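Residue-level listing of the chains:
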Amino acid sequence: MSLDNISHVGRPVPDELVPSRYAVPVGEIDVLVISDGVLTPPAESMATNADPAIRAAWLDDMFLSQDAFDWALNAVVVRSGGQTILIDSGLGEEYPDFPRAGQFVHRLETAGVDLASVTDVVLTHMHFDHVGGLLVEGVKDRLRPDLGVHVSAAETKFWESPDFSRTAMPPALADLARRASLQFLDEYRSHLRTFEEESEVAPGVVVTRTGGHTPGHSVVRMKSGGNRLMFAGDALFPVSFDHPEWHNGFEHDPEEATRVRLRLMRELADTGSLLVSTHMPFPSVGHVAAAGNLFRWVPAWWDY
C-alpha cells in the first residue's frame, strides 16, 4: 500500500480500500461505472410473490441475509462524441435508513468527473435512488445551464400524480419516492428533453423505453466498433436469473416487468452484449448466457 492511501493517524482511508469506479471501453465510447454505495431494503422486497420458504432457501444458497438484502447502487458516466453523459445519479443525501449509500457526488469527484463537464443526464426512471444525486444541495448550481435531462415522457407524466397501488413499497418509501420525484420535476423541468419511445443521446448511445418497473422505465444501449453494452437500470436484479417470475416490491407493473426482463435477457444472450445494471453487485459488468429455459449471469473478469 502506498503512503497516499494512509491517513495522517496511520489508519487506512476506507474509500481507498473499496473500489468505487470501474472503466469499460465500448469501442470508441468510454463507460465508467460508479458506485453510490449499497442499499439494504427488506429481503422480501426482492420477491413479493414468492413462497417464503423458497425465497429463504434462495437467500441461503446465495449466502445472503434473511432480513435485509444488499443491493448495490450503480450509476454510469459515458463519454461519446464530445459529450459527457450521466446515467442516473444515485441516492444523493445519506438517508438514515440507508447509511451505506449516498456517495455518488463525492465519488464522481474522486473519479475526476467535474459536474460542470456533464452535458447530458439520462434517467432510466425517477425513483429516489436514481434522481437523488441531482437533488443534493449545490449540485444543480454546478451543472451547465444548457444541461439536457433525457427521460421518457411516460415517466414524467406518471410522477406528476404517481400511483403505488400495484407496488409493495412500504408507505415511508412510497412517500420518499413521491417527494423526490416532485422535487426533481420542480427543479429540473426546464432541462427536460422527453422522448416517446427512443432517442439517440450521443453517437452510439440510445435510450429506449421499456416500461414495467415504472411506466417510463428505460434502458440505455451503447454500440461502437462492433462492441455493445446495455445499462438496464432496474429491469434486471441478481435474482432475475434464477427466478425472473419473482416480483420486485418497487415494480409498478410487476407482470410487465417480468416480460421486460425476460425479453432483455434473451436479447443480451443472443447479442453477447455486456450488461451493467443498477443493483447488480459492483461493478456489475458481465454477460448473460442461456441456461435451458432460464438465463445465467457471467461476471466479466476484472481488467486491471
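What counts and how
Residues numbered from 1 in each chain as written. Predicted model: local features only at pLDDT ≥ 70, side-chain atom pairs only at ≥ 80, totals over all residues. Heavy atoms only, no water. Phe/Tyr/Trp six-rings, centres within 6.5 Å; stacked < 30°, edge-to-face > 60°. Helix = DSSP H or I, 4+ residues; strand = E, 2+ residues; numbered from the N terminus. Buried < 20%, exposed > 50% of the residue type's maximum accessible area, 1.4 Å probe, protein only. Lys NZ or Arg CZ within 6 Å of the ring centre and 35° of its normal. Pairing = 2+ DSSP bridges. Axes fitted to C-alpha atoms, helices over the stretch in contact; angles between N-to-C directions. Contact = heavy atoms within 4.5 Å. Right-handed = clockwise from strand over helix to strand, strands pointing away. Salt bridge = Lys/Arg side-chain N within 4 Å of Asp/Glu carboxyl O.

Re the packing of aromatic side chains
Inference 1: Per the stated rule, a full pass over the model turns up 11 aromatic pairs.
Inference 2: Measuring from centroid to centroid gives 5.4 Å for Trp71 and Phe237, while their planes differ by 25 degrees, and the two rings are stacked. Taken together, the residues span a long stretch of sequence, with Trp71 in strand β3 (residues 71-80) and Phe237 in the loop between β11 (227-231) and α8 (254-271) at a distance of 166 residues. With respect to class, Trp71 is no different from Phe237; both count as buried.
Inference 3: Grouping aromatic residues by their ring pairs yields a cluster made of Trp58, Phe69, Trp71, Phe237 and Phe250.
Inference 4: The ring of Tyr188 carries Lys140 above its face, with NZ or CZ at 5.4 Å from the centroid.

A word on the sheet that holds strand β6 (residues 148-152)
Inference 1: As summarised here, the arrangement of the seven strands in space is β1-β2-β3-β4-β5-β6-β7, forming an open sheet in which the pairing is mixed. A single partner strand is all that each edge strand has here, and the edge strands are β1 (21-26) and β7 (192-195). For this sheet, the mean angle separating the axes of adjacent strands, direction not counted, is 25 degrees.
Inference 2: Examined bridge by bridge, strand β4 (residues 83-87) and strand β5 (residues 120-122) share three bridges and lie parallel to one another. Bridged to Ile87 within β5 is Val122.
Inference 3: With respect to the sheet, helix α6 (residues 153-160) is in contact with β6 and β7, its orientation differing from that of β6 by roughly 80 degrees.

Quick look at the pairing of β11
Inference 1: Looking at chain direction, strand β10 (residues 218-224) and β11 are connected through five bridges and run antiparallel. Within β11, the position partnered with Ser224 by the bridge is Asn227.
Inference 2: Here β10 folds back onto β11 in antiparallel fashion, the turn holding two residues, of which Gly225 has a positive phi close to 60 degrees.
Inference 3: In the sheet, β11 pairs with strand β12 (residues 274-276) via three bridges, with the strands oriented parallel. Note that in β12 the partner of Leu229 across the bridge is Leu274.
Inference 4: Read as a crossover between parallel neighbours, the route from β11 over α8 to β12 is right-handed.

Some thoughts on the pattern of salt bridges
Inference 1: Applying the stated criterion across every chain, the model contains 12 salt bridges.
Inference 2: Residue Glu197 pairs with Arg209 through a salt bridge whose shortest N-O separation is 3.3 Å. Of this pair, Glu197 sits in the loop between β7 and β8 (198-202) while Arg209 sits in strand β9 (residues 205-209), placing them 12 residues apart in sequence.
Inference 3: Residues Asp270 and Arg266 are paired through a salt bridge, measuring 3.4 Å at the closest nitrogen-oxygen approach. Of this pair, Asp270 and Arg266 both sit in helix α8, separated by four residues, roughly a single helical turn.
Inference 4: Taking the relative accessible area as the measure of exposure, Asp270 reaches 57% and is therefore exposed.
Inference 5: Using a relative accessible area of 36% as the deciding quantity, one classes Arg266 as partly exposed.
Inference 6: Salt bridges linked by common partners bring Arg166, Asp253 and Glu255 together as one network.

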